[in-house]
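Fold and geometry: a report
Here's the letter readout for the chains.
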Amino acid sequence: MTSSFQMIIGSDPPRRRSARLQMRNDAKDVTNNNESTHNKRKRAVSPPLHIRQQRTTPQTNKKSKLHTATAAAASKKQTKDTAAATSLPRTKEKYLLSKKSSLKIIGVDEAGRGPLAGPVVAAAIHIPPTSPSIPGILDSKQVKEESREELYKQITTQKDIEWAVAVVDAPKIDEINILQATMLGMKMAVETLILRDVKWNVVNEASVKEKGSYVVRGGPLLMNEEKKYHVLIDGNRSPSFDDTNQKHQKEGEEEELISSTPIIKGDSLEYSIAAASILAKVTRDALMKDYDALYPQYELERHKGYPTAAHMKLVWELGASPIHRRSFAPLKHMVLDEDGKILGEKKEEEKTTKSAGKGAGRRRKTKK
C-alpha cells in the first residue's frame with residue numbers, strides 16, 4: 001500500500017536520492033582530478049620560491065648596480081662639464097651697482113693662511129660689468145691646478161681687467177700674527193689697485209728674490225671720476241681703510257672713498273672674489289715651487305708649506321728654513337738657533353708667560 005507521502009514525492013525516494021548523491025560525488029572527483037593535474041603542472045613549470053630567488057636576484061642586482069653606476073657617471077660628467085662651461089654669478093655686485101652705477105666693485109681673496117711655511121698672498125681685482133665673462137671662474141679650491149693656471153693667464157691678459165697681488169712674508173706674519181698679516185695683504189692689494197701714491201713696495205712680478213712684503217700690479221690704473229669703491233671680501237671681516245678714507249676724502253663729504261662687505265664663503269658665491277682667489281692661489285703656488293728649489297730638503301712643491309705629516313716630520317728633523325713661520329706650532333714651542341736648527345723645547349713656564357702676554361695684549365686691544 002502506497003502512503004500519501006510516497007505519492008507526493010514519487011515512488012522509491014531512497015533510490016533517487018542515491019543517484020543524486022552519486023552524481024555530486026562524480027563531479028567532485030572530476031574537480032579534484034583537474035586541480036591535482038593543475039598543481040602537478042604548476043610544480044613542473046615553476047621551481048620552488050628559494051630557487052626562483054636565487055635565479056632572479058643576482059640579475060636584478062646586477063642590472064640595478066649597472067643602472068646606478070651609469071647614472072652616477074653621467075651626473076659626474078654633467079657636473080664637470082657644467083663647471084667648466086659656467087662661472088659664478090655677480091649677484092652682490094649687480095645689487096650694489098643698481099643702487100649706485102658709478103661704484104667700482106673690487107673682489108678680494110687670500111691664499112696661504114694655514115701653512116707652516118711661505119707667505120700669505122692676497123689679491124684684489126676689478127672686472128668691469130661690460131667685460132666678457134671668463135668661463136670656469138669658480139672658487140680656486142674647486143678648480144684643477146692646470147685649469148687654474150690657464151684661468152690666471154686669461155684674467156691677467158684681459159686688457160680691461162685691473163688687478164693687484166700682495167705678498168706678505170713669513171717674518172712679517174711672525175711679527176704681527178697671521179690674521180693681521182692677511183688684513184695687511186688685502187689692504188695693500190686694494191690700495192695699490194686704486195691709488196697712484198702708495199707706501200707699499202710695488203714690483204713687476206712675484207719672485208723669491210724679493211725681500212720683505214710687496215705688491216705686484218697689472219692692468220690699467222683703476223681710476224673713478226667720482227672716486228667711490230666698494231670691496232667684496234671673502235670671509236667674515238675686512239681690513240680697515242679708515243686712514244686712506246680720511247686722507248683722500250673731500251671736506252664735507254660723508255661717503256667714504258672705500259667701503260667694504262665681507263661675505264662668508266664669498267669665493268664660492270661671487271664672480272670677482274673667485275677670480276681674486278685664483279690669482280692669489282696661482283701666485284702662491286708658483287712661489288712655493290721656486291722656494292722648493294732653494295730648500296729642496298723640505299719638499300715644498302709637494303705640500304706647498306701646509307703642515308702635512310711628511311712636512312711636520314721634516315721640520316722635527318731639520319728645524320726651520322728662513323721661510324718657515326716661527327709663530328706657528330710646533331716651531332713656536334722650540335728653541336732655535338740663528339740657522340733655524342732645533343736646540344730644544346721651550347720650558348713650560350716660558351710657554352705660559354708668552355701665552356699670558358698675548359692674552360693681555362688681546363684684552364688691552366679689546367678695551368680700546
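All values derive from a computational prediction rather than experimental measurement.

**Considering the overall build of the protein chain**
Counting its secondary structure elements, the protein chain contains twelve helices and nine strands. Considering only residue pairs separated by 6 or more positions, the protein chain has 70% of its internal contacts joining residues 24 or more positions apart. Entry remark: accessible area of the protein chain is about 22800 Å², with carbon and sulfur atoms responsible for 53%.

**Some details on helix α9 (residues 271-294)**
Helix length check: α9 (24 residues) gives 35 Å between terminal C-alpha atoms against 34 Å at 1.5 Å per residue, within 8%. Of all the 24 residues making up α9, 18 are buried; the element is thus mostly covered by neighbouring parts of the structure.

**Examining the sheet that holds strand β6 (residues 229-234)**
Strand order in the open sheet formed by seven strands is β4-β5-β3-β2-β1-β6-β7, with mixed pairing between adjacent strands. With partners counted over all chains shown, the strands left at the sheet margins are β4 (202-203) and β7 (258-263), one partner each. The pairing of strand β2 (residues 120-126) with strand β3 (residues 162-168) spans seven bridges and is classified as antiparallel. From the neighbouring strand, Val-120 faces β3, where its bridge partner is Val-168. Sheet strands touched by α9: β1 (104-111), β2, β3, β5 (214-218), β6 and β7. Its angle to β1, the strand with the most contacts, is close to 35°.

**Describing the pairing of β6**
Buried residues dominate β6, accounting for six of its six residues. Of the two faces of β6, the one lined by Tyr-229, Val-231 and Ile-233 and the one lined by His-230, Leu-232 and Asp-234 are each fully buried. Bridging between β1 and β6 involves five bridges; their strand directions are parallel. Residue pairing for β6: Gly-107 is matched across the bridge by Leu-232. Where β6 meets β7, six bridges bridge the pair, whose relative direction is parallel.

**A word on the nonpolar core**
One finds Ile-125, Ile-137, Ile-155, Tyr-291 and Leu-300 to be the most contacted residues of the largest nonpolar core, which totals 36 residues. Contributions of two or more residues to this core are made by β2, α5 (145-157), β3, β5 and α9. At eleven residues, α9 tops the list of elements feeding residues into this core. Look past the residues within four positions of Leu-300 in its chain and what remains in contact with it is Ala-117, Met-288, Tyr-291, Asp-292, Tyr-295, Gly-305 and Ile-323. Listed in part, the 34 residues of the second largest apolar core include Ile-106, Met-183, Phe-241 and Val-315.

**Concerning α5**
The end-to-end C-alpha distance of α5 is 19 Å, a good match for the 18 Å that 13 residues give at a rise of 1.5 Å each. Taken as a whole, α5 has its buried residues at Arg-148, Leu-151 and Ile-155. Down the axis of α5, the smallest arc covering the buried residues is 65°, so these residues share one side. Structural note: α5 exposes Glu-146, Lys-153 and Thr-157 on the side pointing more than 90 degrees away from its buried face.

**Some points on unusual backbone geometry**
Look at the link from Ala-329 to Pro-330: it is a cis peptide, with omega at 5°. Here Pro-330 shows up in the loop between α11 (309-318) and β8 (334-336). In the Ramachandran plot, Asn-177 falls in the positive-phi region, its phi being about 80° despite a non-glycine side chain. Along the chain, the position of Asn-177 falls in the loop between α6 (170-176) and α7 (178-194). With a relative accessible area of 36%, Asn-177 lands in the partly exposed category.

**What about the packing of α5 against α9?**
Across the interface, α5 lies against α9 with an axial gap of 9 Å and an inter-helix angle of 115°. Relative to α9, the element α5 is oriented roughly perpendicular. In terms of crossing hand, the pair formed by α5 and α9 is left-handed. Contact with α5, carried on its side by Glu-145, Arg-148, Glu-149, Leu-151, Tyr-152, Ile-155 and Thr-156, involves Ala-275, Ile-278, Leu-279, Lys-281, Val-282, Thr-283, Asp-285 and Lys-289 of α9 and no other residues of that element. Residue composition of the contact of α5 with α9, by class: seven nonpolar, two polar and six charged.

**Section: the pattern of salt bridges**
Applying the stated criterion across every chain yields a total of 13 salt bridges. Here the salt bridges do not stand alone but share partners, grouping Asp-139, Lys-141 and Asp-267 into one network.

About the thresholds
The numbering scheme is per chain: residues are counted from 1 as the chain's sequence reads. pLDDT decides what is reported in this predicted model: residues at 70 or higher carry local features, side-chain atom pairs at 80 or more are listed and counted, and totals for whole chains, interfaces and linings draw on all residues regardless. Hydrogens and water molecules were not included; the side-chain quantities draw on all heavy atoms of the structure. The secondary structure listing takes helices from DSSP runs of H or I that are at least 4 residues long and strands from runs of E that are at least 2 residues long, numbered from the N terminus. We call two residues in contact when some of their heavy atoms are within 4.5 Å. Residue-level accessible areas treat just the shown protein chains as cover; the underlying method is Shrake-Rupley with a 1.4 Å probe. Multiplying 1.5 Å by the residue count of a helix minus one yields the expected span of that helix. Whether a residue is buried, partly exposed or exposed follows from its accessible area with a 1.4 Å probe, protein chains only, as a fraction of its type maximum: under 20%, in between, or over 50%, in that order. Between any two strands, pairing holds if DSSP finds at least two bridges. Note on definitions: angles span 0 to 180 degrees between N-to-C directions of axes, and those axes are lines fitted to C-alpha atoms, for helices only across the stretch in contact. Note on terminology: a nonpolar core comprises buried Ala, Val, Leu, Ile, Met, Phe, Trp, Tyr and Cys residues joined through side-chain atoms within 4.5 Å. Picture the helix axis, draw a direction to every C-beta atom, and the arc is the one those directions span. Orientation categories follow fixed angle ranges, with anything under 35 degrees roughly parallel, anything over 145 roughly antiparallel, 65 to 115 roughly perpendicular, and all other angles oblique. With the far helix as reference, a near helix turned anticlockwise by less than a right angle produces a left-handed crossing, and one turned clockwise produces a right-handed crossing. Residues are grouped as follows: Ala, Val, Leu, Ile, Met, Phe, Trp, Tyr, Cys and Pro are nonpolar; Asp, Glu, Lys and Arg are charged; every other residue, Gly included, is polar. Whenever a carboxyl oxygen of Asp or Glu lies within 4 Å of a side-chain nitrogen of Lys or Arg, that contact is scored as a salt bridge.

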